[in-house]
Amino acid sequence: MPRNLLEKNFKHGRSLLIRLDHGSDMIAEMTEIARSLEIVTGVFNAIGALSSAELGYYDQVKNEYDKIAVEEPAELVSCSGNISVRDGQPFVHAHVVLADRGGKILGGHLMKGCVFAAEVYLQELLGSPLVRVHDPTTGLKLWGEE
Ligand code: ZN
């Protein structure tokens, strides 16, 4: 097994289909859902539409996010994300692919997304919580051992 491979085995918990509130921020809403349902580890996907968004592109030299503002309504073609524990709290990490009126796509790390409509499939995972720790190589908080 590669030296840095982190592998954890989970059991499936609740499998939920959730409609997000119109006008909510997708990251804040998913964080609140995780908190209120006491889900500390999970994976999700979503489709729908966002009325605006802020995406991130991680600059691998500067080790910081460049921000991309999406100010037009967009189809939420695809969203993949996960929930793990960062700083003792459920933390939502999500990436999206958005499409404009002409069908052109844009994607990235989801920093903010104002929900027009969104349907989420959330799979809770049960086991020892997955925790994010600072990774000096990338400057990111990645899954690791505390
Ligand atoms: Zn990301």
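Since the structure is predicted, the reported quantities are computational estimates derived from the model, not experimental observations.

1. A look at the coordination of the zinc ion
Link 1 in the chain: Within the protein, H93 (NE2), H95 (NE2) and H109 (ND1) serve as the donor atoms for the zinc ion, at 2.0 to 2.1 Å.
Link 2 in the chain: By relative accessible area, H95 is classed as partly exposed at 40%.
Link 3 in the chain: For H109, a relative accessible area of 14% puts it in the buried group.

2. Description of the packing of aromatic side chains
Link 1 in the chain: Using the criterion set out here, one finds 1 aromatic pair in the structure.
Link 2 in the chain: Seen from their ring centres, Y58 and Y65 are 4.9 Å apart, and the 65° between their planes marks the pair as edge-to-face.
Link 3 in the chain: In this structure Y58 comes out as buried when scored by relative accessible area, which is 15%.
Link 4 in the chain: Here Y65 falls in the partly exposed class, since its relative accessible area comes to 30%.

3. Notes on the pattern of salt bridges
Link 1 in the chain: Applying the stated criterion across every chain, the model contains 7 salt bridges.
Link 2 in the chain: With its nearest N and O atoms 3.9 Å apart, the salt bridge here joins R35 to E32. Linking R35 with E32, this pair stays in helix α1 (residues 26-37), spanning 3 residues, or about one helical turn.
Link 3 in the chain: Each of D59, K62 and D66 takes part in salt bridges that share partners, so that together they form one network.

Reading guide: rules and limits
Residues numbered from 1 in each chain as written. Predicted model: local features only at pLDDT ≥ 70, side-chain atom pairs only at ≥ 80, totals over all residues. Heavy atoms only, no water. Donors = N, O, S within 2.8 Å, 3.2 Å for Na, K, Ca; no water. Buried < 20%, exposed > 50% of the residue type's maximum accessible area, 1.4 Å probe, protein only. Phe/Tyr/Trp six-rings, centres within 6.5 Å; stacked < 30°, edge-to-face > 60°. Salt bridge = Lys/Arg side-chain N within 4 Å of Asp/Glu carboxyl O. Helix = DSSP H or I, 4+ residues; strand = E, 2+ residues; numbered from the N terminus.

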